[in-house]
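Here are the chains, one letter per residue:
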Amino acid sequence: MGDRFDRDDALLLEALSDKVLHQLPPAVWKELFLGAGRENIHFEERELTLVHADAAVPAGQPGSVTERFYQELQRINARHGGRLDPYVNATALITFEEPGAAVRMAMELQQAAAGVALRVGVVSGHCTVAFFRAQGRLWCTPLGRQPARAAEVAASALVGGIVISPESFAPGEIQIRQRDFEDTRPDFLDSEPDLSSLAIDAEYDGIDIRC
């Protein structure tokens, strides 16, 4: 089998291998990276917005707070058209093509997290997306600096809060805090012009926009 990967792709292949190593069954991982399945892996460069959610949620029983939270996560994600990453060591990592949809999901997830100690980070930027076929399905997962940055931003949030990178909420705007909206009412540049009014009307709390 010829090796179609150049040096940069070989590094990406190694990163992908490490990311999914403990998520895939050993036989599936071996076929994907050491066998014919390797031919089904390819990489694309995209501008994406990532929502990273971390919550202290113990294993839940049917009807528990944990189960209800994950059900809400799935429901909210489906409404906003995000893509849940199954290969992440976090409560959730969701990718979006549009920053506005990502911010709305983060805000709704915050509201749905009653009884759950949730921290959320939202970042936008250049991502490498790995696509591969395994177990009869086509999967994708983001690689590179942005997923790690999203985790760092989420870790900086207060419990129950959201930290949004400036480029995700309003390109060109910096250091705007949610509690200042009523006084400043900045002219946001997001492609969805009602984003700022939504934040005000919904009375969301604990949202920071910072570098």
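The model shown is predicted, which means the values in this text are computed figures rather than measured ones.

1. Some words on the pairing of strand β5 (residues 137-143)
Of all seven residues in β5, five are buried; the element is thus mostly enclosed. One ladder, built from seven bridges, connects strand β4 (residues 118-134) with β5; its direction is antiparallel. Looking at β5, one finds that R133 is bridged to L138. Between β4 and β5, which pair antiparallel one after the other, the connecting turn spans two residues, and Q135 there sits at a positive phi close to 55 degrees.

2. Re the pairing of strand β1 (residues 42-55)
Bridging between β1 and β4 involves 14 bridges; their strand directions are antiparallel. Across the sheet, H42 pairs through a bridge with F131, a residue of β4. Note that β1 and strand β3 (residues 92-96) share five bridges and pair antiparallel. Pairing of A53 across the sheet is with A92, part of β3.

3. Thoughts on the packing of helix α3 (residues 65-80) against helix α4 (residues 99-112)
Closest axis-to-axis distance for the α3/α4 pair is 10 Å, and the angle between their directions is 155 degrees. Our classification of the angle between α3 and α4 gives roughly antiparallel. Both α3 and α4 take part in a crossing whose hand is right-handed. In contact with F69, E72, L73, I76, N77, R79 and H80 of α3, α4 contributes A101, R104, M105, E108, L109 and A112. Grouping the constituent residues of the contact of α3 with α4 by class yields seven nonpolar, two polar and four charged.

Each value, and the rule that gives it
Residues numbered from 1 in each chain as written. Predicted model: local features only at pLDDT ≥ 70, side-chain atom pairs only at ≥ 80, totals over all residues. Heavy atoms only, no water. Buried < 20%, exposed > 50% of the residue type's maximum accessible area, 1.4 Å probe, protein only. Helix = DSSP H or I, 4+ residues; strand = E, 2+ residues; numbered from the N terminus. Pairing = 2+ DSSP bridges. Axes fitted to C-alpha atoms, helices over the stretch in contact; angles between N-to-C directions. Parallel < 35°, antiparallel > 145°, perpendicular 65-115°, else oblique. Left-handed = near helix turned anticlockwise from the far one by under 90°. Contact = heavy atoms within 4.5 Å. Nonpolar A, V, L, I, M, F, W, Y, C, P; charged D, E, K, R; others polar.

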